[in-house]
There are 2 protein chains.
Amino acid sequence: MLYVVGVGVCKGHLTRKAIELIKNADVVYGSKRALKLAEDYIVCEKRVMKYSDDEYRRIEKESKDKNVVILSTGDPMVSGLGTKFNGSIEPGISSVQVALVKLGVDLCDVVVVDAHAKKPENLNELLRFRHLLILADRKFDISIFGDRGVYLMENLCMENEKVVCDKAVGLEVRSDYTIVFVRR
Amino acid sequence: MLYVVGVGVCKGHLTRKAIELIKNADVVYGSKRALKLAEDYIVCEKRVMKYSDDEYRRIEKESKDKNVVILSTGDPMVSGLGTKFNGSIEPGISSVQVALVKLGVDLCDVVVVDAHAKKPENLNELLRFRHLLILADRKFDISIFGDRGVYLMENLCMENEKVVCDKAVGLEVRSDYTIVFVRR
């Protein structure tokens, strides 16, 4: 069996179900960060994952006679690995949820935008209806929001976490783990 | 201290952090469903909560000299109690996440709409950009989507869970725990 398991973003985010799946695995794959978040519960071989479709198909084959767990930082269905694999998906706490707590804003009042390695479309149109919560990397050009005040949340739950609120035009995205919040 | 703690929607969704907060509480408030989901870890007095602003303010006062935990089914920041209290918020797995797993759809491709006890606006405009994931109750008129195919997901993770996919016009929302998915 193949399980894609969300490990959350902060220490203590693992769910009972996720821990059970990790403990029962024959092999666990993940990024270094995901393996670190789950390390207390991995009692089998762990492997740093390569992110390519060929590797995903190879792992699916491997799972035919083994319990394979793929760790996904945050939640597998939030710009995550959940749509890449044919397997069972176990949710986890995403950085979106951590950001909404910091902002005091409900998910039903935002649109979550994936701007990792892609240029998102229709941002101005979406801003007419909702606040924007943008998952951004260093290539994201935050100056498109000009004089608007935005929140820049970098490396949430990591030791170099940083949250600033300022006019977009003076800011720069310096981490590939950044969330940008723009109020409607 | 006052903590609003997400308990998830399925058995096994509680996080390590949530369990720790519940175990350390002096009193735990929640709906019957939330108290049931957390029951294995409640070692203090538990009280079924009344949902009113007066009661929220009274509980805030009570928390000045006690550890008070308010359980929130799902995630406190998803049409939840997180924005009602002045306290520390701990995320949980929401029904939105469970629905996205069933659908195989990423959060960054949808807009989450709260239609609990309110009539949501701009649905047709939002559908131009994103799929819709609507948190609905029995008062929600699903027939507004006419001949469109929709997913109706009722009572996710409860014993009477039901998922149907059909034309909207023939369907009816029969549970106050319903998620409606409309493809863009």
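Below or above, wherever it landed, is the structure these notes cover. (Residues numbered from 1 in each chain as written. Chains lettered and ligands numbered in written order. Predicted model: local features only at pLDDT ≥ 70, side-chain atom pairs only at ≥ 80, totals over all residues. Heavy atoms only, no water.)

### Looking at the relation of the copies chain A and chain B
Where we set the bar: Alignment of copies: least-squares fit on C-alpha atoms of residues with pLDDT of at least 70 in both copies. Here a residue-residue contact requires only that any non-hydrogen atoms of the pair lie within 4.5 Å.
Superposing chain A onto chain B requires a rotation of 180° together with a translation of 0.0 Å along the rotation axis, leaving an RMSD of 0.0 Å. Here the copies are linked by what is in effect a two-fold axis. Taking C-alpha positions as the reference, the residue of chain A nearest the rotation axis is A:Thr15, at 2.0 Å. Take the interface residues of chain A: 100% of them recur as interface residues in chain B, which is what a same-surface contact looks like.

### Describing the packing of aromatic side chains
Just so we agree on the cut-off: Each Phe, Tyr or Trp ring (for Trp, its six-membered ring) is paired with any other whose centre lies within 6.5 Å, and the angle between the two planes then decides the class: stacked below 30 degrees, edge-to-face above 60, tilted in between. Classification of residues uses two cut-offs on accessible area relative to the type maximum, computed with a 1.4 Å probe and protein chains only: under 20% is buried, over 50% is exposed, and between them is partly exposed. Over a ring means this: the NZ of a Lys or the CZ of an Arg is within 6 Å of the ring centre and within 35 degrees of the ring normal.
If you walk through the whole model with that rule in mind, you get 6 aromatic pairs over all chains. Judged by centre distance (6.5 Å) and plane angle (40°), the ring pair of B:Phe140 and B:Phe145 falls under tilted. B:Phe140 gets classed as buried once you look at its relative accessible area, which sits at 9%. When the ring centre of A:Tyr177 is taken as reference, the NZ or CZ atom of A:Arg33 above it lies at 5.1 Å.

### As for the environment of B:Ala38
Residues and elements named next belong to chain B. Put simply, the rule reads: Each helix corresponds to a stretch of at least 4 residues labelled H or I by DSSP, and each strand to a stretch of at least 2 residues labelled E; elements are numbered beginning at the N terminus.
Assignment of secondary structure puts Ala38 in helix α2 (residues 32-38). The spacing of Ala38 and Val182 is 144 residues in sequence and 32 Å in space, taken between C-alpha atoms. If we skip the residues at most four places from it in the chain, Ala38 touches Val7, Leu14, Ile22 and Leu71.

### A short note on the pattern of salt bridges
Under the convention used in this document: Should a side-chain nitrogen of Lys or Arg be within 4 Å of a carboxyl oxygen of Asp or Glu, the pair is scored as a salt bridge.
Counted under the stated rule, the structure contains 22 salt bridges over all chains. Across the pair A:Glu55 and A:Arg58 runs a salt bridge whose closest N-O atoms are separated by 3.1 Å. One end of the pair, A:Glu55, and the other, A:Arg58, are both in helix α3 (residues 53-62), 3 residues apart, so they sit about a helical turn from each other. You can call A:Arg58 partly exposed: its relative accessible area is 36%. A salt bridge links B:Glu45 to B:Arg47, with the shortest nitrogen-to-oxygen separation between them at 2.9 Å. Residue classification places B:Glu45 among the partly exposed positions, given a relative accessible area of 44%. Overlapping salt bridges, with partners in common, bring together A:Glu45, A:Arg47, A:Glu55, A:Arg58, A:Glu62 and A:Lys66 in one network.

### Description of α3(A)
Residues and elements named next belong to chain A. The test is simple: Working note: the arc is built from the helix axis to C-beta atom directions.
Turning to α3, its buried residues number three or more, namely Glu55, Tyr56, Ile59, Glu60 and Glu62. Each buried residue of α3 sits inside an arc of 160° when the element is viewed along its axis, so together they form one side. In α3, the exposed positions angled more than 90 degrees off the buried face are occupied by Asp53, Asp54 and Lys61. Looking at the packing, one finds that the buried side of α3 touches β1 (2-6), β2 (27-30), β3 (45-48) and β4 (68-72).

### A short note on unusual backbone geometry
All names here are of chain A. Even without glycine at this site, Asn155 takes up a positive phi of about 50°. In this structure, Asn155 sits in the loop between β8 (149-154) and β9 (162-167). What makes Asn155 buried here is its relative accessible area of 7%.

### Brief notes about the pairing of β4(A)
All names here are of chain A. Condition: We call two strands paired when DSSP finds no fewer than two bridges between them.
Burial of β4 is extensive: 5 of the 5 residues sit out of reach of the surface. Residues Val68, Ile70 and Ser72 line one face of β4 and the alternating positions Val69 and Leu71 line the opposite face, and both faces are buried. Here β1 runs beside β4; their pairing, made up of 5 bridges, is parallel. Across the sheet, Val4 pairs through a bridge with Ile70, a residue of β4.

### Digging into a positive patch on the surface
Heads up, the rule is: Like charges within 9 Å and nonpolar side chains (Val, Leu, Ile, Met, Phe, Trp, Tyr) within 5 Å are joined into patches, using only residues over 30% in relative accessible area that form no salt bridge. Residue-level accessible areas treat just the shown protein chains as cover; the underlying method is Shrake-Rupley with a 1.4 Å probe. In this charge count, Lys and Arg are treated as positive and Asp and Glu as negative; neither His nor the chain ends contribute. For charged residues, the charge sits on one atom: NZ in Lys, CZ in Arg, CG in Asp, CD in Glu.
Where like charges cluster on the molecular surface, the positive patch consists of A:Arg16, A:Lys23, B:Arg16 and B:Lys23. Those elements giving two or more residues to the positive patch turn out to be α1 (16-23) of chain A together with α1 (16-23) of chain B. Its location among the elements puts B:Arg16 in helix α1. On the accessibility criterion, B:Arg16 (37% relative accessible area) is partly exposed.

### Focus: the interface of chain A and chain B
Operational definition: The term buried area means the drop in 1.4 Å probe accessible area that two parts suffer when joined, counted for both and summed. A 3.5 Å cut-off defines polar contacts: any pair of N or O atoms within that distance qualifies, except that in protein one atom must be a possible hydrogen donor and the other a possible acceptor, and neighbouring residues in sequence count only when both atoms are side-chain atoms. Three classes are used, and their members are as follows: Ala, Val, Leu, Ile, Met, Phe, Trp, Tyr, Cys and Pro are nonpolar, Asp, Glu, Lys and Arg are charged, and the others, Gly among them, are polar.
Facing the 39 residues of chain A at the interface are 39 residues of chain B. If you sort the residues of chain A by the area they bury against chain B, A:Arg16, A:Met77 and A:Phe129 come out on top, with a joint share of 20%. Counting every contact that joins chain A to chain B gives 0 salt bridges. Counting the contacts that link chain A with chain B gives 21 residue pairs in polar contact (both at pLDDT 80 or more). Within the residue set of the side of chain A that touches chain B, elements represented by two or more residues are α1, β5 (88-90), α4 (95-103), β6 (110-115) and α5 (123-127) of chain A. When its residues are assigned to classes, the side of chain A that touches chain B shows 21 nonpolar, 10 polar and 8 charged.

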